[in-house]
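What the coordinates show
Letter by letter, the chains look like this.
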Amino acid sequence: MGKIRRYESDEIIVAYDASRCIHAAECVKGLPRVFNPKARPWIRPEGAENERIREVVARCPTGALFIAGESGTEQPSVHPAEPASIQVSDTGPLFLRGSFVIVDHDGNEVIRDSRIALCRCGASANKPFCDGTHSEIGFPGDSG
């Protein structure tokens, strides 16, 4: 995980890991009064009810957005979808849903999460995670 930024209201903490964001804009489309990339700060959790924020955060396909744990930790608190699945996007990443642990070649845990987008084009600067480079290089995926 990259550097985590926290955006707090009196009742909820929305955390954001920019290194995992591929700008799918599910947050912006889902709740623009809270998630506005043109504003500073760009996340304003006081702009909506907590349950609505949780719903929109859960739509983030990469896990870059999450609700910080009640203990104040930076670990995602999103409940994994059941059953576990891997979806191949047409021209982009592999979307993992469920309970996953990614380990490196030495067996060290890289991440444990319920929403992950893995690079499929091979050009990501943030491997094994997708960083959106597939759009820049014109990765044909399954359609090319």
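Structure's up top.
As the structure is a computational prediction, the values presented were derived from the model and not from experiment.

**Some thoughts on helix H2 (residues 50-57)**
Among the residues of H2, Asn50, Ile53, Val56 and Val57 are the ones counted as buried. Seen from one end, H2 has its buried residues packed into an arc of 125 degrees, which puts them on one side. Elements that come into contact with the buried residues of H2 comprise strand S2 (13-17), helix H1 (26-30), strand S3 (65-67) and strand S6 (109-118).

**Comments concerning the sheet that holds strand S4 (residues 85-88)**
The strand order across the open sheet formed by 3 strands is S4-S5-S6, and the pairing between neighbours is antiparallel. Only two strands of the sheet have a single partner each, and these edge strands are S4 and S6. The mean inter-strand angle of the sheet, taken between neighbouring strand axes irrespective of direction, is 30 degrees. In the sheet, S4 pairs with strand S5 (residues 94-103) via 4 bridges, with the strands oriented antiparallel. Bridge pairing in S5 links Ser85 to Arg97.

**Points about the pattern of salt bridges**
Per the stated rule, a full pass over the model turns up 6 salt bridges. In this structure, the salt-bridge partner of Lys29 is Glu26, at a minimum N-O distance of 3.7 Å. Of this pair, Lys29 and Glu26 both sit in helix H1, separated by 3 residues, roughly a single helical turn. Take Glu26: its relative accessible area is 28%, and that puts it in the partly exposed class. Note that Arg33 and Glu49 form a salt bridge whose closest N and O atoms lie 4.0 Å from each other. With Arg33 in the loop between H1 and H2 and Glu49 in the loop between H1 and H2, this residue pair connects regions lying 16 residues apart in the sequence. Classification of Glu49 as exposed rests on a relative accessible area of 52%.

Cut-offs used in this document
- Residues numbered from 1 in each chain as written.
- Predicted model: local features only at pLDDT ≥ 70, side-chain atom pairs only at ≥ 80, totals over all residues.
- Heavy atoms only, no water.
- Buried < 20%, exposed > 50% of the residue type's maximum accessible area, 1.4 Å probe, protein only.
- Helix = DSSP H or I, 4+ residues; strand = E, 2+ residues; numbered from the N terminus.
- Arc of directions from axis to C-beta.
- Contact = heavy atoms within 4.5 Å.
- Pairing = 2+ DSSP bridges.
- Axes fitted to C-alpha atoms, helices over the stretch in contact; angles between N-to-C directions.
- Salt bridge = Lys/Arg side-chain N within 4 Å of Asp/Glu carboxyl O.

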